[in-house]
Amino acid sequence: MSDLPRKAVTRTAKLAALPLGFAGRATWGLGKRIGGKSAELVAREVQQRTADQLFKTLGELKGGAMKLGQALSVFESALPEEIAGPYRAALTKLQEAAPPLPARTVHGVLAERIGEDWREYFLEFEDTPAAAASIGQVHRAVWHDGREVAVKVQYPGAGEALLSDLTQLSRFARLLGPLVPGMDIKPVIKELRDRVSEELDYELEAQAQQEHAAEFEDDPDVVIPQVVHQSDQVLVTEWIDGIPLSEVIAEGTAEQRDRAGQLLARFLFSGPARTGLLHADPHPGNFRLLPPAEEEGQTEEDGGPVGSWRLGVLDFGTVDRLPGGLPRNIGDSLRLALEGDAAGVYGLLRAEGFVKESIDLDPDAVLDYLLPIIEPTQVEEFTFSRGWIREQAARIADPRSPAHQLGRQLNLPPSYVLIHRVTLSTIGVLCQLGATVRLRDELEAWLPGFLAEDTETEDTETVDAAAEGTEYAEEEGEPEGEPVQA
């Protein structure tokens, strides 16, 4: 493969082959069953073939196709094991690797964006990429001052391919349903499409990463690589080693899983409070578990105490800008829900636009809907598991359940769409890790409104302000949002 497949008709045909291939394999499976093979064995073969085709197509196309694959990969823990099993390995591959661009193409981009003398910037440059993602690939190198660096090179034609893929994928999102049963894929595609321009802009990414790096420079738990150089379609940052989170998920010790989970939750909630930015691409490929620094007691034998391992964070191409941190209403709603105040929770949800004015719901039913979801905040520490998230997914996805019916009547305001997806994705990763996390500690430290010490006056002012903001948004014609079930 010499470059991203650019012709829209070619990419569309490849993407269309996914649901068509699934239908064909279902027919093939029926024939096998008629021929005498057991239904369980045939189903497993069909799922494995589908997973293989899914990775092959999404990985080769890169662009929006691979971006969708990465987004879906963090949700596989919510699927029944008989479905998730065959997909898990194929989707996980999308987090760390993809078919690379040839060296001559990479050299061409560097010459065009840095200059014909680009090699003078580096003491060493590895032509074989260390990682390949949806719109670019990363090469390991040594900067002219001796620092080890990661050189992120954007694929030629990535912007055009990204938009084309997501447009085509949205047209037959329903047909893609069988690939990840139980998930509404179309809203995921829409949100990804809304973020295309930001992710393609390496200047914005460099700014976001540098802001995080400056804030977390002396943090004992979180490591953010410094930005070394940035130009159009090329971003150079400090290199960090460590264990990819996908490897911790696959074969990490219980201590490593718990530590990674705790730090992931800490970064999710502390980031907006400390930088005004929310890292909005929390799939395992963007995180590393780093051994403790030597001065903290690291030894060659055991790498130092497990409790002091740190979390390395990569890829700031997609961020949500939250100048005041996470919205206070999230903390207020969680606190009131834990206190059993159904009327208070309902009032906040209505004020923020989660319940439209044209809809009347039973506050107690809304609280019953929310309590299982916020179970991890009810205890001092909670063990996230695939079984727990499957129970939640089944409860909400079953059309016959009251939770499903109520969920369809709730609304997700546009300003909460990205926060919602990041939260769900992070929970998905925590369940993949099977981590035991003290989530309440992080909420109490970083989430405004969560602590009960907030005064009643402050609560009232928050509700009034939220109501005024909702009215203003409606007057200005802001989009109504989308169902929360998405």
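So, a few notes on the structure that sits alongside this text. Throughout, residues of each chain are indexed from 1 in the direction in which the sequence is written. For this predicted model, a pLDDT threshold of at least 70 governs which residues receive local features, and a threshold of 80 or more governs which side-chain atom pairs are given and counted, while totals over whole chains, interfaces and linings are taken from all residues. In computing side-chain properties, one takes all heavy atoms of the structure into account and sets aside hydrogens as well as water.

1. Things to note about the sheet that holds strand 10 (residues 287-290)
We apply this condition: A pair of strands counts as paired when DSSP detects no fewer than two bridges linking them. Numbering goes from the N terminus for both helices and strands, where a helix is a DSSP run of H or I of at least four residues and a strand is a run of E of at least two. Contact between two residues is taken to exist if any of their heavy atoms lie within 4.5 Å; hydrogens are not considered. Axis definition: a line fitted to C-alpha atoms, over the contacting stretch in the case of helices. Angles run 0 to 180 degrees between N-to-C directions.
Across the sheet, which stays open at both edges, the 4 strands sit in the order 5-11-10-8 with mixed pairing between neighbours. Each of the sheet's edge strands pairs with one partner strand only, and the pair in question is strand 5 (222-223) and strand 8 (243-244). Seen against the sheet, helix 11 (residues 254-275) touches strand 5, strand 8, strand 10 and strand 11 (310-313) and runs at an angle of roughly 55 degrees to strand 11.

2. As for the nonpolar core
As a reminder, the rule being used: Here, nonpolar core means buried Ala, Val, Leu, Ile, Met, Phe, Trp, Tyr and Cys residues that are tied together by side-chain atoms lying within 4.5 Å of each other. Buried residues are those whose accessible area, probed at 1.4 Å on protein chains only, stays under 20% of the maximum for their type, while exposed residues exceed 50% and partly exposed ones sit between those limits.
One finds I224, F267, V313, F384 and L433 to be the most contacted residues of the largest nonpolar core, which totals 68 residues. If one sorts the elements of this core by residue count, helix 17 (residues 417-433) sits on top with 8 residues. In this view, I224 contacts Q209, H212, A213, F216, F267, V313 and F316; residues no more than four positions away in its chain are not counted. A132, I135, A141 and V228 belong to the second largest nonpolar core, which has 31 residues in total.

3. Let's talk about helix 15 (residues 386-397)
Rules: One less than the number of residues in a helix, times 1.5 Å, gives the span that helix is expected to have. Throughout, the arc means that of the directions going from the helix axis to the C-beta atoms.
Taking 1.5 Å per residue as the helical rise, helix 15 with its 12 residues ought to reach 16 Å, and the 16 Å between its terminal C-alpha atoms agrees with that figure. Taken together, the buried positions of helix 15 are occupied by R386, W388, I389, Q392 and I396. Buried residues of helix 15, viewed axially, fall in a sector of 165 degrees; they line one side.

4. Overview of unusual backbone geometry
At Q233, a position not held by glycine, the phi torsion is positive, near 75 degrees. Here Q233 lies in the loop between strand 6 (227-231) and strand 7 (234-238). Relative accessible area serves as the criterion here: at 16%, Q233 is assigned to the buried category. Residues other than glycine seldom take positive phi values, yet D315 does so here, at roughly 60 degrees. Locating D315 in the fold gives a position in the loop between strand 11 and strand 12 (319-321).

5. What to know about the environment of L110
Here L110 is to be found in helix 5 (residues 103-113). On the basis of relative accessibility, which here comes to 0%, the residue L110 falls in the buried class. The sequence separation of L110 and D232 amounts to 122 residues, and the corresponding C-alpha distance is 9.8 Å. The residues touching L110, leaving out its near neighbours within four places in the chain, are G115, W118, F125, V151, V153 and V234.

6. Structural notes on the packing of aromatic side chains
For clarity, the threshold we go by: Only centres within 6.5 Å qualify two rings of Phe, Tyr or Trp (six-membered ring in Trp) as a pair; their planes then separate them into stacked at under 30 degrees, edge-to-face at over 60, and tilted for everything else. A ring is considered to have a charge above it if a Lys NZ or an Arg CZ atom is located within 6 Å of its centre and within 35 degrees of its normal.
Here the structure, examined in full by the defined rule, presents 10 aromatic pairs. Note on Y121 and W143: the rings are 5.7 Å apart at their centroids and 40 degrees apart in plane angle, and the pair reads as tilted. One end of the pair, Y121, is in the loop between helix 5 and strand 1 (122-125); the other, W143, is in strand 3 (residues 136-143), with 22 residues separating them in the sequence. What makes Y121 partly exposed here is its relative accessible area of 26%. Taking relative accessible area as the criterion, W143 reaches 5% and is therefore assigned buried. Each ring, one from F382 and one from W388, has its centre 5.3 Å from the other, and the planes form 70 degrees; the classification is edge-to-face. You'll find F382 and W388 in the same group, each marked buried. One aromatic cluster is present, formed by W118, Y121, F122, F125 and W143 through successive ring pairs. The aromatic ring of F216 is capped on one face by R274, whose charged end is 4.0 Å from the ring centroid. Over the ring of Y369 we find R395; its NZ or CZ atom is 5.7 Å from the centre of that ring.

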